[in-house]
Every structure is written in structure tokens, then in C-alpha cells.
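# Architecture and fold: a report
Take a look at the letters that make up each chain.
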Amino acid sequence: DSGVTQTPKHLITATGQRVTLRCSPRSGDLSVYWYQQSLDQGLQFLIQYYNGEERAKGNILERFSAQQFPDLHSELNLSSLELGDSALYFCASSVLPDTEAFFGQGTRLTVV
Amino acid sequence: GENVEQHPSTLSVQEGDSAVIKCTYSDSASNYFPWYKQELGKRPQLIIDIRSNVGEKKDQRIAVTLNKTAKHFSLHITETQPEDSAVYFCAASGGGATNKLIFGTGTLLAVQP
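Residues numbered from 1 in each chain as written. Chains lettered and ligands numbered in written order. Predicted model: local features only at pLDDT ≥ 70, side-chain atom pairs only at ≥ 80, totals over all residues. Heavy atoms only, no water.

## Description of the overall build of chain B
Stated precisely, the cut-off is as follows: Each helix is a run of H or I in the DSSP string that is no shorter than four residues. Each strand is a run of E no shorter than two, and both are numbered from the N terminus. Each radius of gyration is computed over the set of C-alpha atoms, and the globule rule expresses the reference value as 2.2 Å times the number of residues to the power 0.38.
When its secondary structure is counted, chain B shows 0 helices and 11 strands. Ordered by position from N to C terminus, the α and β elements of chain B give β-β-β-β-β-β-β-β-β-β-β. In summary, chain B has a C-alpha radius of gyration of 14 Å against a globular reference of 13 Å for 113 residues, a match within 12%. Based on the C-alpha atoms only, the size of chain B along its principal axes is roughly 45 × 30 × 20 Å.

In C-alpha cells:
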């Protein structure tokens with residue numbers, strides 16, 4: 001157990017819908033990262049937060065948004081879902097942006 | 001933008017042989033280079049990391065080398081075992097003010113018994 005908790009573990013939804021993925025970082029970690037991993041693909045960086053503020057953005061679609069709350073948990077919102085959004089979404093956290101990042105178990109999103 | 005290239009995409013070795021995976025990065029300001037192992041159906045886990053002020057780091061059968069001038073770093077696994085079979089990802093971080101943690105595309109390592 002990495003100490004990073006992601007919910008839900010699995011999510012099946014229809015095209016056009018909106019979902020929210022939740023991440024609780026390890027105690028004491030201020031940085032939270034979100035990654036998308038499609039089948040047989042690498043880890044695509046979506047967005048990073050540090051102590052409640054957006055720190056860096058990757059190739060995140062405009063239909064996707066995220067935030068980090070005062071208690072440091074983070075949510076990734078995916079809207080107007082398309083079939084191609086089906087993937088494993090990982091959250092990771094670290095003490096500082098350039099220290100070891102610990103991954104959650106991921107949320108498997110299936111869009112049908 | 002920042003980019004991390006990783007080669008090879010697949011690697012098959014015989015048990016006991018060595019395996020080498022290479023990565024190059026584009027952002028010369030990067031200063032932290034971790035390697036992650038992802039077993040099938042599981043989360044990525046850190047196996048070793050290196051910082052830009054160090055040229056080489058070793059942990060038992062695993063070693064990482066860094067060449068800052070050439071902007072490339074490599075993972076070396078010696079005396080490979082079947083349980084080393086997994087996908088390995090390199091990453092680079094610390095570039096500029098954003099400190100993005102950017103991953104390579106991954107290497108599927110298969111260790112044949």
C-alpha cells in the first residue's frame with residue numbers, strides 16, 4: 001500500500017457523461033499529479049498541484065479539469081466523455097515536486 | 001516542450017543476462033531522474049532514482065547512470081530473474097519553475113527462464 005488512495009477503483013459510464021475521480025495523497029505530501037494510461041500506452045502527464053495551487057499542465061483536454069482542496073485531496077473531473085477517454089487514471093503524490101512520487105492503485109474508466 | 005524518449009520499447013533477455021534501458025530528455029534544467037517498475041495490473045513503483053549532481057547510483061542488481069552533457073540516463077539490471085519481468089518507465093523532473101514529472105513511453109522487459 002503506497003498510502004495514496006483513489007476512488008472509485010472502477011467506473012463505467014456512457015458517452016457524453018461527466019465523472020469525478022478522487023485522490024487522497026499520502027499524509028504530508030503536498031504535490032499531487034494526475035496521469036492517464038491507455039491500453040499498452042505510457043503514463044501521460046495531465047496536471048500537477050502543489051499545496052493547493054496548479055503547478056504544471058500537460059496535454060490535458062479542455063473537457064478535463066482538476067483541483068486540489070485545502071485538505072490536499074484532489075479531484076479530476078472528466079466531462080463530455082468519449083470512447084477514447086477509456087483508460088486507467090493514476091494519481092500520485094510526493095513531498096516536493098522533485099522527490100519520489102507514490103502512485104495510487106488507479107481508477108479504471110470505461111466509457112461505453 | 002519537455003520530452004523523454006525511451007528505448008527499446010520491448011526487451012527480451014535470458015535469465016541471468018543483463019538488461020539495459022536508455023532514456024534521453026529534452027529539458028536541460030531537469031535535475032531528478034527516477035525509474036519506475038509497473039507489473040501487470042499494478043501501480044508503478046519507484047525502483048531507483050538519481051539526481052543531477054551524481055553520475056551513477058547502484059542498489060544491488062540495479063544501477064542507473066546519468067550523462068548530463070548528453071542528456072541521457074540508463075537503467076542497468078544485472079543477473080536478471082523472471083520476477084524482473086515488467087514494464088519499466090524512466091522519468092525526468094525539475095525543469096524550470098514547473099517541475100513536471102514526465103515519463104518515457106515504457107519498456108516491456110521479458111526475462112525468459
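## Topic: the state of the cysteines
Here is the rule: Cysteine sulfur pairs qualify as disulfides if the two atoms are within 2.5 Å. For every residue, the accessible area obtained with a 1.4 Å probe (protein chains only) is divided by the maximum for its type, and the residue is called buried under 20%, exposed over 50%, and partly exposed between those limits.
This model, assessed by the stated rule, comprises 2 disulfides over all chains. A sulfur-sulfur distance of 1.8 Å marks the disulfide that ties cysteine 23 of chain A to cysteine 91 of chain A. Handedness of the cysteine 23 of chain A-cysteine 91 of chain A disulfide follows from its S-S torsion of about -50°: it is left-handed. Highlighted residues: cysteine 23 of chain A in strand S3 (residues 19–24) and cysteine 91 of chain A in strand S9 (residues 87–94), separated in sequence by 68 residues. Here cysteine 23 of chain A and cysteine 91 of chain A have matching classes, each one buried. Disulfide partner of cysteine 23 of chain B: cysteine 90 of chain B, at an S-S distance of 2.0 Å. Disulfide cysteine 23 of chain B to cysteine 90 of chain B: torsion about the S-S bond roughly -100°, handedness left-handed.

## Considering the interface of chain A and chain B
Convention followed: Every residue pair with non-hydrogen atoms within 4.5 Å of one another is taken to be in contact. Summed over both partners, the accessible area lost on bringing two parts together, with a 1.4 Å probe, is the buried area. Salt-bridge detection follows one rule: a side-chain nitrogen of Lys or Arg within 4 Å of a carboxyl oxygen of Asp or Glu. For the purposes of these results, a polar contact is taken to be a pair of N or O atoms within 3.5 Å, where, inside protein, one atom must be able to donate a hydrogen and its partner to accept one; residues adjacent in sequence count only when each atom of the pair is a side-chain atom. Gly counts as polar in this scheme, as do all residues outside two lists: the nonpolar Ala, Val, Leu, Ile, Met, Phe, Trp, Tyr, Cys and Pro, and the charged Asp, Glu, Lys and Arg.
Each partner contributes residues to the interface: chain A has 23 residues there, and chain B has 19 residues. For the pairing of chain A and chain B, the buried interface totals around 1700 Å² over both sides, and the portion due to carbon and sulfur atoms is 53%. The largest per-residue losses of area from chain A upon contact with chain B belong to Leu43, Asp98 and Phe103 of chain A, which jointly make up 31% of the total buried on that side. Across the contact surface, chain A and chain B share 0 salt bridges. Between the two partners, chain A and chain B, sit 7 residue pairs in polar contact (both at pLDDT 80 or more). Contributions of two or more residues to the side of chain A that touches chain B are made by strand S4 (31–37), strand S5 (44–50) and strand S6 (53–57) of chain A. Of the residues contributing to the side of chain A that touches chain B, the split by class is 10 nonpolar, 8 polar and 5 charged.

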